[in-house]
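Listed below, chain by chain, are the residues.
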Amino acid sequence: MRTAACETVLVTGGTGRIGAPLVRALLARGDTVAVLTRDPGRATTIPGARLVKGTLFDPAALADALTGVTVVYHLAGGVRGAGIDTADRLNREGTEALLAGVRAAQLAPKAPPLRAFVYASSCAVYGDRSGLWVAEDYPPSPHTTYGAAKVAAEAAVTAAGIPARIARIAAVYGPGFNFLLADKMRENKAWLPGEGRNIVPVVHVDDCVAALLRIGDSDASGVFHVAGRTAPTLREFYTSVHAASGGAPVRFWSTWIPSALQLAVARANERIVAGLGRRPRFTEDNLRLYTASVRLRTERLEKELGFRWAFGDHKDGVRAAVEQAGDRAA
Ligand SMILES: NC(=O)c1ccc[n+]([C@@H]2O[C@H](COP(=O)([O-])OP(=O)(O)OC[C@H]3O[C@@H](n4cnc5c(N)ncnc54)[C@H](OP(=O)(O)O)[C@@H]3O)[C@@H](O)[C@H]2O)c1
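Residues numbered from 1 in each chain as written. Predicted model: local features only at pLDDT ≥ 70, side-chain atom pairs only at ≥ 80, totals over all residues. Heavy atoms only, no water.

(A) Structural detail: the overall build of the chain. Looking only at helices and strands, the chain features 11 helices and 13 strands. The C-alpha radius of gyration of the chain comes to 19 Å, within 12% of the 20 Å expected for a compact globule of 330 residues. Counting only C-alpha atoms, the chain reaches 65 × 45 × 45 Å along its principal axes. Across the 330 residues that make up the chain, the buried fraction comes to 52%. Here the chain has roughly 14,700 Å² of accessible surface; of this, 55% comes from carbon and sulfur atoms. (Helix = DSSP H or I, 4+ residues; strand = E, 2+ residues; numbered from the N terminus. Rg over C-alpha atoms; globule rule 2.2 N^0.38 Å. Buried < 20%, exposed > 50% of the residue type's maximum accessible area, 1.4 Å probe, protein only. Areas by Shrake-Rupley, 256 points an atom, 1.4 Å probe, with all protein chains shown as cover.)

(B) Up close: the site of the ligand. In the vicinity of the ligand lie 25 residues, with Thr15, Arg17, Thr37, Arg38 and Tyr146 positioned nearest. Within the backbone of glycine 13, a nitrogen or oxygen atom sits 3.3 Å from an oxygen atom of the ligand. A distance of 2.6 Å separates an oxygen atom of the ligand from a polar atom in the side chain of threonine 15. Expressed as a share of its isolated accessible area of 900 Å², the protein-covered part of the ligand is 90%. If you list the elements that add at least two residues to the shell around the ligand, you get strand E5 (116-122), helix H4 (145-158) and strand E8 (171-173). Broken down by element, the residue count for the shell around the ligand peaks at 3 residues, all from E5. Its residues placed into classes, the shell around the ligand shows 12 nonpolar, 9 polar and 4 charged. (Near = heavy atom within 4 Å. Polar contact = N/O pair within 3.5 Å; in protein donor to acceptor, adjacent residues only side chain to side chain. Nonpolar A, V, L, I, M, F, W, Y, C, P; charged D, E, K, R; others polar.)

(C) Representation of the nonpolar core in the model. By size, the foremost hydrophobic cluster in this structure holds 45 residues, and its most contacted members are Leu22, Tyr73, Ile169 and Leu212. For this core, the secondary-structure elements that each account for two or more residues are strand E1 (8-12), helix H1 (19-28), strand E2 (32-37), strand E4 (71-74), E5, strand E7 (164-169), helix H6 (205-217) and strand E11 (222-226). Per-element tally for this core: the top contributor is H6, with 7 residues. Contact partners of isoleucine 169, with chain neighbours within four places excluded, come to Ala120, Ser121, Ser122, Cys123, Val203, Cys208, Leu212 and Val226. (Core = buried A, V, L, I, M, F, W, Y, C linked by side-chain atoms within 4.5 Å. Contact = heavy atoms within 4.5 Å.)

(D) Summary view of the sheet that holds E4. Spatially, the 7 strands line up as an open sheet ordered E3-E2-E1-E4-E5-E7-E11, and their pairing is parallel. Of all strands in the sheet, those bounded by a partner on one side alone are strand E3 (50-53) and E11. Strand after strand, the sheet turns through a mean of 20° between neighbouring axes, direction not considered. Together, E1, E4 and E5 form the strand contacts of helix H3 (residues 87-107), whose direction differs from that of E5 by roughly 180°. (Pairing = 2+ DSSP bridges. Axes fitted to C-alpha atoms, helices over the stretch in contact; angles between N-to-C directions.)

(E) Structural detail: the pattern of salt bridges. Evaluation of the coordinates by the stated rule reveals 23 salt bridges. Close ionic contact of arginine 297 with glutamate 299 constitutes a salt bridge, the shortest N to O distance being 3.5 Å. Among the residues examined, glutamate 299 registers a relative accessible area of 34% and is labelled partly exposed. In this structure, the salt-bridge partner of arginine 319 is aspartate 316, at a minimum N-O distance of 2.8 Å. Taken together, the residues arginine 319 and aspartate 316, both in helix H11 (residues 314-329) and 3 residues apart, mark about one turn of the helix. Put simply, Arg2, Glu7, Arg29, Asp31, Arg115 and Asp217 are held in one network by salt bridges that share partners. (Salt bridge = Lys/Arg side-chain N within 4 Å of Asp/Glu carboxyl O.)

(F) Quick look at the side chain of threonine 283. Relative to the assigned elements, threonine 283 resides in the loop between helix H8 (259-275) and helix H9 (284-291). If near-sequence neighbours (up to four positions away) are discounted, threonine 283 is found in contact with Arg80, Ala266 and Glu270.

Structure representation (structure tokens):
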């Protein structure tokens, strides 16, 4: 349980879409925050953070970033990175490298004990469950390389002998998130795979950040779902975005582009774009993630940690996200 007024915190992925607002929230309450980043020059949205240049695979940078730290939020990761940064390298190997850094830092003379290590995992660990409601003890069965890498990373965190908490996060939306698609709708370019009848757990970034803080502040252990209060179908979610943003509604592919063709093109695209050292966005994993169906129970977050959502449902959250995105662009 957080007892100190101020703590020293490391946020990996602190320049990212979830990480940056998390860092700003930690700084706003007086914490000292280190952020590991490959490019400190781009980290302009988190003034006040101590920027440490490096990657998860750089032991010297990790030693620097972990100095004096009592809380770690490990967010660096994603569906995949650029070039050789596959889902497995970024999420599993990256987490194992960070854990080695944490072990080394804990052995340093006068190192304070680690109070909490919060890992940003994903609802992708469940694969496609045909819309089933799942609680945190439901066995993972990923159907993507991303989901499998998150399962392996979770196992490494759990086995590390540290005060670990795993946050399995729903699809996050908010200003700056591609998932919102509001700009694409306004440009009449919003397309998605599948038919949109699948149920996607979603969460507004403000609720996601508040939940991560609540998890980090607690002394609970184990897995927590971080999701909004409603689980809409993909079509329902984007109907809300369209109502708030205007433009043209999302068009879904699968009724007229065969799934096998979509998968073949996605595989070829990933190979070619990654071969050029860039980050492919149209991949087999992305196709599978956009068409998977699962509902996350959130009683642990609500009842054990007393979490209260800022947004009652995805319609409120989407309206706010579109407004926030407009404010940011203005
Ligand atoms: N967004 C979602 O909907 C969602 C849903 C469920 C779970 N998650 C998980 O939540 C975490 C954060 O997601 P996000 O959407 O905020 O990510 P994001 O915006 O794509 O940012 C990724 C972050 O990872 C860092 N990073 C990437 N490769 C790195 C490396 N090799 N070494 C060190 N840092 C590295 C980046 O830092 P620099 O570029 O500054 O180096 C960046 O801050 C991820 O682990 C993701 O899997 C996200």
